[in-house]
Amino acid sequence: DTAVSQTPKYLVTQMGNDKSIKCEQNLGHDTMYWYKQDSKKFLKIMFSYNNKELIINETVPNRFSPKSPDKAHLNLHINSLELGDSAVYFCASSQDLRGGEDTQYFGPGTRLTVL
Amino acid sequence: KNEVEQSPQNLTAQEGEFITINCSYSVGISALHWLQQHPGGGIVSLFMLSSGKKKHGRLIATINIQEKHSSLHITASHPRDSAVYICAVGGQGNLIFGKGTKLSVKP
């Protein structure tokens, strides 16, 4: 059974489009995250949610809107895609809010390419 | 200067060699994580530690809180250990990542 799953795995789209990436975890965790890995492979936190509530929002353009319908799902919606949004986006989850002190489980990543 | 620095950036080793990857950080932390990113892109958590040493199979992670330094050691390295190893420090609910060390183990 996949612990943290993301769809789609690959996403190629034109500049200006709106797209969503879905994430689901079946671990029963309370906290979920979105990370962005740029072309230099550098990972950075974007958002974290705990029990459907936004906890961390790191200087991310408001074109990015996370949505958590329940604590097992955290989706990422991106409006008006730009070339600079091309990256690999990873979803992760951890048991509780203290993500820095708790093992995080990562999804397989979604490679977004904006043309 | 990044808050989390790893060295070396790239490392090539022969199968069987003992490998050390270093991580230094400049912020207060609750825990330090070592992650492995496979060539296919998947990320796996290897260790989380806040003091001392942990061992899992051929991997050993140590941390010195006073010196703000951690090391990841791989004994008897194997080509399947080839991956990017990422150090991350945990603070207020999120992780701050190093830039990773790309390890290639040649047969």
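Everything here concerns the structure above.
A brief report on the enclosed structure follows. As a convention, each chain's residues are numbered from 1 in the sequence order in which they are written. Written order determines the labels here, with chains lettered from A and ligands numbered from 1. Per-residue local features are limited, in this predicted model, to residues with pLDDT of at least 70; the limit for side-chain atom pairs, both in listing and counting, is 80 or more; totals at the level of whole chains, interfaces and linings are taken over all residues. Neither water nor hydrogens contribute to the side-chain values; these are computed over all heavy atoms in the structure.

## Overview of the overall build of chain A
Starting at the N terminus, helices and strands are each numbered in turn, a helix being any DSSP run of H or I of at least four residues and a strand any DSSP run of E of at least two. Looking only at helices and strands, chain A features zero helices and 11 strands. When the helices and strands of chain A are read in sequence order from the N terminus, they spell out β-β-β-β-β-β-β-β-β-β-β. Using C-alpha atoms as the atom set, the radius of gyration is obtained and then compared with a globule rule of 2.2 Å times the number of residues to the power 0.38. On C-alpha atoms alone, chain A measures out to a radius of gyration of 13 Å, which is about the 13 Å that the 2.2 N^0.38 rule sets for 115 residues. Looking at chain A residue by residue over its 115 residues, the buried ones come to 45%. We call two residues contacting when some pair of their heavy atoms lies within 4.5 Å. Put simply, of all contacts in chain A between residues at least 6 apart along the chain, 56% involve residues at least 24 apart. Accessible areas in this description were obtained via Shrake-Rupley with a 1.4 Å probe; residue shielding takes into account the shown protein chains only. Looking at chain A as shown, the accessible area adds up to about 5700 Å², and 48% of this sits on carbon and sulfur atoms. Distance from the positive charge centre (13 side chains) to the negative charge centre (13 side chains) of chain A: 7 Å. Burial classification: accessible surface area is computed with a 1.4 Å probe over protein chains only, and a residue below 20% of its type maximum counts as buried, one above 50% as exposed, and the rest as partly exposed. Under the convention used here, Asp and Glu are negative, Lys and Arg are positive, and both His and the chain ends fall outside the count. Where a charge sits is defined by one atom per residue type, namely NZ (Lys), CZ (Arg), CG (Asp) or CD (Glu).

## Overview of the overall build of chain B
Secondary structure assignment for chain B yields zero helices and 11 strands. When the helices and strands of chain B are placed in sequence order, the string is β-β-β-β-β-β-β-β-β-β-β. The globule rule puts the C-alpha radius of gyration for 107 residues at 13 Å, and the 13 Å found for chain B is close to it. Across its three principal axes, chain B shows a C-alpha extent of roughly 40 × 25 × 20 Å. Taken over 107 residues, chain B has a buried fraction of 43%. Looking at chain B as shown, the accessible area adds up to about 5100 Å², and 49% of this sits on carbon and sulfur atoms. Charged side chains in chain B number 10 positive and 6 negative. The centres of these two groups are separated by 4 Å.

## Side note on the interface of chain A and chain B
At the interface, 18 residues of chain A touch 19 residues of chain B. Summed over both partners, the interface of chain A with chain B buries about 1600 Å², with 62% contributed by carbon and sulfur atoms. In what follows, salt bridge is the name for a side-chain nitrogen of Lys or Arg lying within 4 Å of a carboxyl oxygen of Asp or Glu. Taken together, the links from chain A to chain B amount to zero salt bridges. Residues adjacent in sequence count toward polar contacts only when both atoms are side-chain atoms; beyond that, a polar contact is any pair of N or O atoms within 3.5 Å, and within protein one must be able to donate a hydrogen and the other to accept it. Remark: the boundary between chain A and chain B carries one residue pair in polar contact (both at pLDDT 80 or more). Counting only elements with at least two residues in the side of chain A that touches chain B, the list comes to β4 (31-37) and β5 (43-50) of chain A. Buried area is calculated as the accessible area (1.4 Å probe) missing from two parts once they are joined, with the contributions of both summed.

## Regarding a positive patch on the surface
The patch calculation keeps residues exceeding 30% relative accessible area without a salt bridge and links them within 9 Å when they carry like charges or within 5 Å when they are nonpolar (Val, Leu, Ile, Met, Phe, Trp, Tyr). A cluster of basic residues, A:Lys9, A:Lys41, A:Arg111, B:Lys102 and B:Lys106, forms a positive patch on the protein surface. B:Lys106 gets classed as partly exposed once you look at its relative accessible area, which sits at 40%.

## A few points about the sheet that holds strand β7 (residues 64-70) of chain A
Paired through their backbone hydrogen bonds, the strands of a sheet run either parallel or antiparallel. Residues and elements named next belong to chain A. When DSSP finds at least two bridges between two strands, those strands are taken to pair. Reading across the sheet, the four strands line up as β1-β3-β8-β7 and stay open at both edges, with antiparallel pairing between neighbours. The outermost strands of the open sheet, each flanked by one partner alone, are β1 (4-7) and β7. Sheet twist, expressed as the average angle between the axes of neighbouring strands with direction ignored, equals 20 degrees. Examined bridge by bridge, β7 and strand β8 (residues 73-78) share five bridges and lie antiparallel to one another. Among the inter-strand pairings, Pro66 is bridged to a residue of β8, identified as Leu76. Orientation is described by lines fitted to C-alpha atoms, with helices fitted over the stretch in contact, and by angles between N-to-C directions that extend from 0 to 180 degrees.

## Notes on the state of the cysteines
All names here are of chain A. Cysteine sulfur atoms that pair up within 2.5 Å are treated as a disulfide. For the structure shown, the criterion picks out two disulfides over all chains. For Cys23, the disulfide goes to Cys91, at an S-S distance of 1.8 Å. Disulfide Cys23-Cys91: torsion about the S-S bond near -75 degrees, hence left-handed. A residue pair is termed long-range when its members are at least 10 positions apart, and Cys23 in strand β3 (residues 19-25) and Cys91 in strand β9 (residues 87-94) qualify at 68 residues.

## Quick notes on the pairing of β5(A)
Residue and element names in this part refer to chain A. With seven of eight residues buried, β5 lies mostly within the body of the structure. As defined by bridge partners, β4 adjoins β5 across seven bridges and the pair is classed as antiparallel. If you follow Met32 over to β5, its bridge partner there is Tyr49. Hairpin connection from β4 to β5: five residues lie between these consecutive antiparallel strands, with Lys41 at a positive phi of about 70 degrees. Both β5 and strand β6 (residues 53-57) contribute to a ladder of four bridges, which runs antiparallel. Within β6, the position partnered with Asn50 by the bridge is Glu53. Between β5 and the antiparallel strand that follows it, β6, lie two residues; Asn51 among them carries a positive phi value of about 50 degrees.

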